[in-house]
Amino acid sequence: MAPVTLEYFDGMPSNMQGRREIEKLAAYFDARLKAVLGKLDARDNTFHLVAAPRPDAYTVQIALLSAKAARPLENIAGDAAGFFVRGAGLITAADSASKGSVSMGARYYAPGGKLVAEVADFQYGRTSLFGMVLVDLKDFSFFAYQRRTIDQWVDQFARLFTATHATKVKKPLFSLSPV
């Protein structure tokens, strides 16, 4: 597994703080993948991570393609409005742009370098069910929604890499995690 790359990232911020945030997001994606896949490697005798490319190993390349930060001030204002105006919180929870977005792409190569699969996904930040009732703590951070989406992608990759070829991996319908 190659490290998560920013080589194809679209819209890299021009300021250093913004760049660092995107680099931290890519590092988070890489660390989560390696941690989850490392646990699977220790448990499962049909799946093994290797330290370097080998002629008999499959290779996965994952790229973070874009990420837009959430807008905490808008989200906090929406949460506050939800406490005072009945239904206002649900309206602001549905505003995808204020939650930010993230996209990724991945390529899967067979031994010998033949490309056998490509996947890509784009997600707006999604409020958890818990956050629709009370407060979603992700509203207070610039990239918390994106980290939650990355966690879901990592779970999906883990299922894909350890399942039979006919297994369907579906996106979760909802999240209960407010953080």
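One structure accompanies this document, and this report is about it. Every value quoted in this text rests on a predicted model; they were computed, and no experiment measured them. (Residues numbered from 1 in each chain as written. Predicted model: local features only at pLDDT ≥ 70, side-chain atom pairs only at ≥ 80, totals over all residues. Heavy atoms only, no water.)

### Focus on the packing of aromatic side chains
What counts here: Planes of paired rings set the category: under 30 degrees apart is stacked, over 60 is edge-to-face and the rest tilted, where pairs are Phe, Tyr or Trp rings (Trp by its six-membered ring) whose centres lie within 6.5 Å. Exposure classes here rest on a 1.4 Å probe applied to the protein chains alone. A residue is buried below 20% of its type maximum, exposed above 50%, and partly exposed in between.
In this structure the tally under the stated criterion is three aromatic pairs. Residues Phe122 and Tyr124 carry aromatic rings whose centres are separated by 5.1 Å and whose planes lie at 85° to one another, so their mutual orientation is edge-to-face. Look at Phe122 and you get partly exposed, because its relative accessible area is 40%. Relative accessible area serves as the criterion here: at 41%, Tyr124 is assigned to the partly exposed category.

### Quick notes on the pairing of strand 3 (residues 115-124)
Which entries qualify depends on this criterion: We call two strands paired when DSSP finds no fewer than two bridges between them. Runs of E in the DSSP output that reach at least two residues are strands. Runs of H or I that reach at least four are helices, and both are numbered from the N terminus.
Across nine bridges, the pairing between strand 2 (residues 101-109) and strand 3 is antiparallel. Its bridge partner lying in strand 3, Met104 is registered against Asp121.

### Considerations on the sheet that holds strand 3
Put simply, the test is: All axes here are fitted lines through C-alpha atoms, helices being fitted over the stretch that makes contact, and every angle between N-to-C directions spans 0 to 180 degrees. Contacts are assigned to residue pairs with any non-hydrogen atoms lying within 4.5 Å of each other.
Strand order across the open sheet formed by three strands is 1-2-3, with antiparallel pairing between neighbours. Each end of this open sheet is capped by a strand with a single partner; those strands are strand 1 (59-68) and strand 3. With direction set aside, neighbouring strand axes in the sheet form an average angle of 10°. Against the sheet, helix 1 (residues 16-43) touches strand 1 and strand 2, its axis set at about 145° to strand 1. Across the sheet, helix 5 (residues 144-162) is in contact with strand 1, strand 2 and strand 3; its angle to strand 2 comes to roughly 20°.

### Comments concerning helix 1
Given 3.6 residues per helical turn, the α-helix brings residues three or four places apart onto the same face. Stated formally: Each residue after the first adds 1.5 Å to the expected span of a helix.
A rise of 1.5 Å per residue sets the reference length of helix 1, with its 28 residues, at 40 Å; its end C-alpha atoms lie 41 Å apart and thus fit the reference within 8%. When helix 1 is considered as a whole, its buried residues turn out to be Gly18, Ile22, Leu25, Ala26, Phe29, Asp30, Leu33, Val36, Leu37, Leu40 and Asp41. Considering only its buried residues, helix 1 is in contact with strand 1, strand 2 and helix 5.

### Focus on the pairing of strand 2
Among the nine residues of strand 2, seven are classified as buried, and the element is accordingly described as predominantly covered. Of the strand pairs in this sheet, strand 1 and strand 2 are connected by nine bridges, and their pairing is antiparallel. Paired with Gln61 across the two strands is Arg107, which belongs to strand 2. In this antiparallel pair of consecutive strands, strand 2 and strand 3, the connection spans five residues, and Gly112 shows a positive phi of 95°.

### Quick notes on the side chain of Asp41
As a reminder, the rule being used: The charged-residue count follows a simple rule in which Lys and Arg add positive charge and Asp and Glu add negative charge, with His and chain termini not counted at all. One side-chain nitrogen of Lys or Arg within 4 Å of one carboxyl oxygen of Asp or Glu is enough to make a salt bridge. We call two N or O atoms a polar contact when they sit within 3.5 Å, provided that within protein one can donate a hydrogen and the other can accept it, with sequence-adjacent residues counted only if both atoms are side-chain atoms.
Within the secondary structure, Asp41 sits in helix 1. One buried charged residue, Asp41, forms no salt bridge at all, with the nearest opposite charge on Arg54 at 9.6 Å. Among the polar contacts listed, one links the side chain of Asp41 to the side chain of His48, at a separation of 2.9 Å.

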